[in-house]
Amino acid sequence: MTDNWKSYLCNVNGSLASVFVNLGLRGQVPVLSKPWLLWTWLHFQSPRPDGLSDSKEALTLFKIEDALNLRVSRDCRAIPCGRITTQGRREFYFYAETREGFGEAVAGALAGFEGYKFDLGDQEDELWEQYLNVLYPSAEEVERIKNRELLEVLIEQGDVLTAARDVQHWIYFLSEQSRSSFREAVVKAGFRIVSESRPEDDMPFGISVARRQPVEQGLIDATVIELVKLSQRFEGDYDGWETPVVTQ
């Protein structure tokens, strides 16, 4: 199984939540040999007012997670797939070959951590719906994660994110008609056409557009989501952005 763990913030049942999920599993699920969804909810001893974990408790929580992953993976032949932190608790989710021994594995993992209360449960989930529909981020959230990673690279290179510059984007379509309709709409939205292409791919009608702007997280997120939604209107696939490094 591929590991590609990423975190993002969202709302779960009306409350702030931090999700940490292995995106690397997406292309490999459902795993038919692991049809059992197992979960345990660990209640914090000192949650923040917003329900997330406090930094003072972080080290202990990481040790608990390591212990849980080790025992549950071994005893239930399970894969840790993600966790949700919300409402003063951390919810750990696994997919396993069996639910037998799960309670004992959790109790054993937590035996060395006094004062922590927990709940646990299990259900059959052969299609991995909890992973796909709850833990895995939406298409828009995936783009925000990608943006954050690219911005971290730019910052490491000394980029001044508040400086305006041309930001170039790529989008691909199934047909010339779809690309043409997108072209008209994206120009009206304030972008300029940079180039068009015909890649030998499932989406063979490419177009590149650009607009001048700063690339602070909120601004680039808004631009990318705008283009994602616009490309989806015409059955297109947004494929990312790039910008030169601006240091002053």
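Above this text you will find the structure in question.
Predicted model only: the values in this text are computed from it and were never measured.

A.B. asks: What's the story with the packing of helix α1 (residues 55–76) against helix α2 (residues 102–110) in this structure? I'm lost.
C.D. replies: Helix-helix packing is described using two parameters, namely the angle between the two axes and the distance between the axes. One can describe the packing of α1 onto α2 by two numbers: an axis separation of 8 Å at closest approach and a directional angle of 150°. What the angle tells us is that α1 and α2 run roughly antiparallel. When the axes of α1 and α2 are compared, the crossing they make is right-handed. Counted together, I64, A67, L68, R71, V72, D75 and C76 of α1 and F102, E104, A105, V106, G108, A109 and L110 of α2 form the full contact between these two elements. Looking at side-chain class alone, the contact of α1 with α2 contains 10 nonpolar, one polar and three charged residues.

A.B. asks: Could you clarify how one ought to interpret the sheet that holds strand β6 (residues 118–124) in this entry?
C.D. replies: Reading across from one edge, β1-β2-β4-β5-β3-β6 is the order of the six strands in this open sheet, with antiparallel pairing throughout. Two strands in the sheet have a free side with no partner beyond their single neighbour: β1 (5–12) and β6. If you compare each strand with its neighbour and ignore which way they point, the axes differ by 20° on average. Across five bridges, strand β2 (residues 15–22) lies against strand β4 (residues 78–86) in antiparallel orientation.

A.B. asks: For this particular structure, what's the right way to read the sheet that holds strand β9 (residues 205–213)?
C.D. replies: Ordered by their spatial adjacency, four strands build an open sheet running β8-β9-β7-β10, and the pairing between neighbours is antiparallel. The open sheet is flanked by β8 (192–197) and β10 (237–242), the only strands paired with a single partner. When the angles between neighbouring strand axes are averaged without regard to direction, this sheet yields 25°. Contacts between helix α5 (residues 176–188) and the sheet are confined to β7 (165–173), β8 and β9, with β9 contributing the most and set at about 10° to the helix.

A.B. asks: Quick question: what am I supposed to make of the packing of helix α4 (residues 139–156) against helix α6 (residues 217–233) here?
C.D. replies: Between α4 and α6, whose axes approach to 10 Å, the crossing angle comes to 140°. Considering the angle they form, α4 stands oblique to α6. Between α4 and α6 lies a crossing of right-handed hand. Across from E140, E143, R144, N147, R148 and L151 in α4, the residues of α6 making contact are Q217, I220, D221, V224, I225, V228 and K229. By residue class, the composition of the contact of α4 with α6 is five nonpolar, two polar and six charged.

A.B. asks: Explain the side chain of S208 here, please?
C.D. replies: By secondary structure assignment, the location of S208 is in strand β9. Polar contacts involving the side chain of S208 include one to the side chain of Q168, which spans 2.6 Å. Sequence-distant contacts of S208, defined by excluding residues within four places in its chain, comprise Q168, H169, W170, R192, I193, V194 and S195.

Calculation notes
What you see as residue numbers is a count from 1 along each chain, following the sequence as written. pLDDT decides what is reported in this predicted model: residues at 70 or higher carry local features, side-chain atom pairs at 80 or more are listed and counted, and totals for whole chains, interfaces and linings draw on all residues regardless. Side-chain metrics in this entry use all non-hydrogen atoms of the structure; hydrogen atoms and water are not considered. In this description, a line fitted to the C-alpha atoms serves as the axis of each element, helices being fitted only across the stretch in contact, and the angle between N-to-C directions of two axes falls anywhere from 0 to 180 degrees. Only runs of H or I of at least four residues qualify as helices and only runs of E of at least two qualify as strands under DSSP, and these elements are numbered from the N terminus. If an angle is under 35 degrees, it is roughly parallel; if it is over 145, roughly antiparallel; if it lies from 65 to 115, roughly perpendicular; otherwise it is oblique. Working rule for handedness: look at the near helix, and if it is turned counterclockwise from the far one by less than a right angle, call the crossing left-handed; if clockwise, right-handed. The contact criterion used throughout is that any non-hydrogen atoms of two residues lie within 4.5 Å. Only Asp, Glu, Lys and Arg are considered charged in this grouping, and only Ala, Val, Leu, Ile, Met, Phe, Trp, Tyr, Cys and Pro are considered nonpolar; every other residue, Gly among them, is considered polar. Only strands joined by at least two bridges in the DSSP assignment are considered to pair. Polar contacts here mean pairs of N or O atoms no more than 3.5 Å apart (in protein, one a potential hydrogen donor and the other a potential acceptor; neighbouring residues in sequence count only if both atoms are side-chain atoms).

Everything listed is a geometric property; what it means functionally is a separate question.
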